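Survey of secondary and tertiary structure
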Amino acid sequence: PPTYWPVPLRTELNDIKAQVRDGMLVMSFGELTGRLKGAGALSRDKVLGLARALEFLHLGMEPDVLAGQKLPTAEDSVALFVADPAEGAARSTPAYQAAAVTLDLACSVALADGDASGAELIHLTRHIESWTHLNVAHRKRLKAHLRLRIMQPTTLAGLKKKLEPLAAEAKRTIAKFLAHLAEADGTVSPDEVKFLERVYKTLQVDAK
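Treat the numbers as computed from the prediction; the structure is a model and nothing was measured.

The helix and strand tally for the chain stands at nine helices and three strands. Beginning at the N terminus, the succession of helices and strands in the chain can be written as α-β-α-α-β-β-α-α-α-α-α-α. Compactness check: the chain gives a C-alpha radius of gyration of 18 Å against a globular reference of 17 Å for 208 residues, within 12% of the reference. When the backbone C-alpha atoms are referred to their principal axes, the chain occupies close to 60 × 30 × 30 Å. Scored against the burial criterion, the 208 residues of the chain give a buried share of 41%.

Right, let's talk about the pattern of salt bridges for a bit. Under the definition given, this model contains seven salt bridges. With its nearest N and O atoms 2.8 Å apart, the salt bridge here joins glutamate 12 to arginine 35. Of this pair, glutamate 12 sits in helix α1 (residues 7-20) while arginine 35 sits in helix α2 (residues 29-35), and the two are 23 residues apart along the sequence. The buried category is assigned to glutamate 12, whose relative accessible area is 18%. Look at arginine 35 and you get buried, because its relative accessible area is 18%. Measuring nitrogen to oxygen at the nearest pair gives 3.7 Å for the salt bridge that ties aspartate 64 to arginine 141. Placement of the pair is aspartate 64 in the loop between β2 (59-62) and β3 (77-82) and arginine 141 in helix α6 (residues 136-151), with a sequence separation of 77 residues. Looking at aspartate 64, the relative accessible area reads 3%, which means it is buried. The structure contains a network of salt bridges with shared partners spanning Glu62, Asp64 and Arg141.

Rules behind the numbers
Residues numbered from 1 in each chain as written. Predicted model: local features only at pLDDT ≥ 70, side-chain atom pairs only at ≥ 80, totals over all residues. Heavy atoms only, no water. Helix = DSSP H or I, 4+ residues; strand = E, 2+ residues; numbered from the N terminus. Rg over C-alpha atoms; globule rule 2.2 N^0.38 Å. Buried < 20%, exposed > 50% of the residue type's maximum accessible area, 1.4 Å probe, protein only. Salt bridge = Lys/Arg side-chain N within 4 Å of Asp/Glu carboxyl O.

Right, dumping it as structure tokens:
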């Protein structure tokens, strides 16, 4: 437990927490482990141990390695934010997972024309706020998830497995949301249309 860590490490952890405050802190994973005197690549157990130590201090980390997400490399960005103990294991529920994969797809659509517009980002952030079936802690984590996905989008092929278990109605809802997102900035480019057609095919929804 962090209360038994050496004083310099506890001081660094508290400094990181002070930097996060009520907002969000984004840095490379290498920078984070470097501040905690980590040398070289960390084993899976050590990365999970670090995530638990941050959680002990009420700090959440995206990617959510404690929920099974891929471990970040030193070059990958991580987002730290004030977490709530109420999060618990509920972020592994189908409702949360559907919300996360919707954001993954949405970021890919927003970036299909080469850049995510301010209007698209505002639209996505407001949409997260509207998901009242998820608690406040989960919506806060999803905002951190969004921040990372805009910087490091997931490929459509990489999302295919996560989309397969969703019910047909959920897939149609996601497809409709993505179409609205594409026109949030007032312009729908040919690249966005092509990408949406690929997404619709993956979701097994009629592209017409």
